[in-house]
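Below are the chains, spelled out letter by letter.
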Amino acid sequence: GVFETQWGEAACPAQSAWAALALWSMAPGASPAALKTAAALSALYGGDEAPLSPFYGPMSVELAGARALKAMRGALAKKAQAAADIALAAILRRARRRLRLDGRMGDVLETAQGAWLLYHLGVMTDVTPALRALLDAQDLDGGFPACPFRRVLGPGGERRWWGARAVTAAYVERLFEVGIP
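This report concerns the structure included in the present document. Bear in mind the structure is a predicted one, so any value in this text is a computation, not a measurement.

### A few points about the packing of aromatic side chains
And step 1. Tallied over the entire structure, the rule returns four aromatic pairs.
And step 2. On the basis of an interplanar angle of 65 degrees and a centroid distance of 5.4 Å, the ring pair of Y56 and F149 is categorised as edge-to-face. Here Y56, found in the loop between α2 (32–45) and α3 (58–72), pairs with F149, found in the loop between α6 (128–136) and β3 (150–153); they are 93 residues apart in sequence, far enough to count as distant. Assigned by exposure class, Y56 and F149 land together as buried.

Shown next as structure tokens:
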């Protein structure tokens, strides 16, 4: 089967990508379900717009899809590899459209995720502008703001965004591992 994580009637491409990547990382090459999911993700991510998620914002969705497709691409059949390449190119185009001259790609979390993604897809060799933008966004105590990360159901069933300073900081720290200005 194909992993398809649902919220009500809507499938979540990011959750599906993370699930496939988790299964793949436990036994690379040994999971037909993960490979089927990668092929399905290729079709989903290959369009002009990022696939919509009921849980996550666009950059989180792009990051999840790119990581899964990049990890499993080599084990796919030739036709599925070509589809994965098209999807990765589409993710790259969409991420590049968000990149501003000052290194920002949205809020702090989106900037950290987007710059890390562009670096690991081999497009952004110098992450210094993004790191400077992130340093400029630090709070007075040295932390980073709690940016919207995941949509959750609150009391009474209302949907609201959840974010935590630790989540934002974790993504920022991943980018700092790449290079410090």
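### Notes on empty space enclosed by the protein
And step 1. Tallied over the entire structure, the rule returns one cavity of 30 Å³ or more.
And step 2. As a volume, the largest cavity reaches approximately 40 Å³.
And step 3. Along the walls of the largest cavity sit A14, W18, Y56, S60, L63, Q113, F149 and Y171, which together make up its complete lining.
And step 4. Residue assignment for the lining of the largest cavity shows that the elements contributing at least two residues are α1 (13–26) and α3.

### Focus on the side chain of S60
And step 1. For S60, the location among the structural elements is in helix α3.
And step 2. Under the relative-accessibility criterion, S60 is labelled buried at 8%.
And step 3. Those residues in contact with S60 that sit more than four places away from it in its chain are A14, Q113 and F149.

### Observations regarding the pairing of β3
Regular strands have side chains that alternate between both faces of the sheet.
And step 1. Note that β3 and strand β4 (residues 159–162) share four bridges and pair antiparallel. Opposite R150, over in β4, you have W162 as the bridge partner.
And step 2. Connecting the antiparallel pair β3 and β4 is a turn made up of five residues, with G156 showing a positive phi of about 80 degrees.

### What about the layout of surface pockets?
And step 1. Roughly 190 Å³ of volume is contained in the largest pocket.
And step 2. Considering the residues around the largest pocket, the lining is formed by 13 residues, among which E49, A50, P58, E62 and R98 are closest to the centre.
And step 3. Mapped onto the lining of the largest pocket, the elements with two or more residues apiece are α3 and α4 (78–98).

### Side note on α1
And step 1. Taking 1.5 Å per residue, 14 residues should reach 20 Å; α1 reaches 20 Å between its end C-alpha atoms and fits that length.
And step 2. Of all the positions in α1, only P13, A14, Q15, S16, A17, A20, L21 and W24 are classed as buried.

### Things to note about the pattern of salt bridges
And step 1. Counted according to the given criterion, the structure contains seven salt bridges.
And step 2. When the shortest N-O distance is used, the salt bridge between E110 and R98 registers 3.2 Å. A residue pair is termed long-range when its members are at least 10 positions apart, and E110 in helix α5 (residues 108–120) and R98 in helix α4 qualify at twelve residues.
And step 3. A salt bridge links E177 to R174, with the shortest nitrogen-to-oxygen separation between them at 4.0 Å.
And step 4. Residue R174 is classed as partly exposed on the basis of its relative accessible area of 34%.
And step 5. Salt bridges sharing partners connect three or more residues here, namely D139, D141 and R165.

### Topic: the nonpolar core
In globular proteins that are soluble, nonpolar side chains generally tend to be buried together.
And step 1. Counting 49 residues, the largest nonpolar core has Y56, L69, M72, L117, L134 and L175 as the members making the most contacts within it.
And step 2. At the level of elements, α1, α2, α3, α4, α5, α6 and α7 (165–176) are the ones that each hand at least two residues to this core.
And step 3. When residues in this core are grouped by element, the largest group, eight residues, is from α3.

What counts, and at which threshold
- Residues numbered from 1 in each chain as written.
- Predicted model: local features only at pLDDT ≥ 70, side-chain atom pairs only at ≥ 80, totals over all residues.
- Heavy atoms only, no water.
- Phe/Tyr/Trp six-rings, centres within 6.5 Å; stacked < 30°, edge-to-face > 60°.
- Helix = DSSP H or I, 4+ residues; strand = E, 2+ residues; numbered from the N terminus.
- Buried < 20%, exposed > 50% of the residue type's maximum accessible area, 1.4 Å probe, protein only.
- 1 Å grid on protein atoms, 1.4 Å probe; cavity = no way out; pocket = protein on both sides within 12 Å on 5 of 7 lines; lining within 4 Å.
- Points joined across faces, edges and corners; volume = space filled by probe spheres on them.
- Contact = heavy atoms within 4.5 Å.
- Pairing = 2+ DSSP bridges.
- Expected span 1.5 Å × (residues − 1).
- Salt bridge = Lys/Arg side-chain N within 4 Å of Asp/Glu carboxyl O.
- Core = buried A, V, L, I, M, F, W, Y, C linked by side-chain atoms within 4.5 Å.

In short, shape yes, function no, at least from these values alone.
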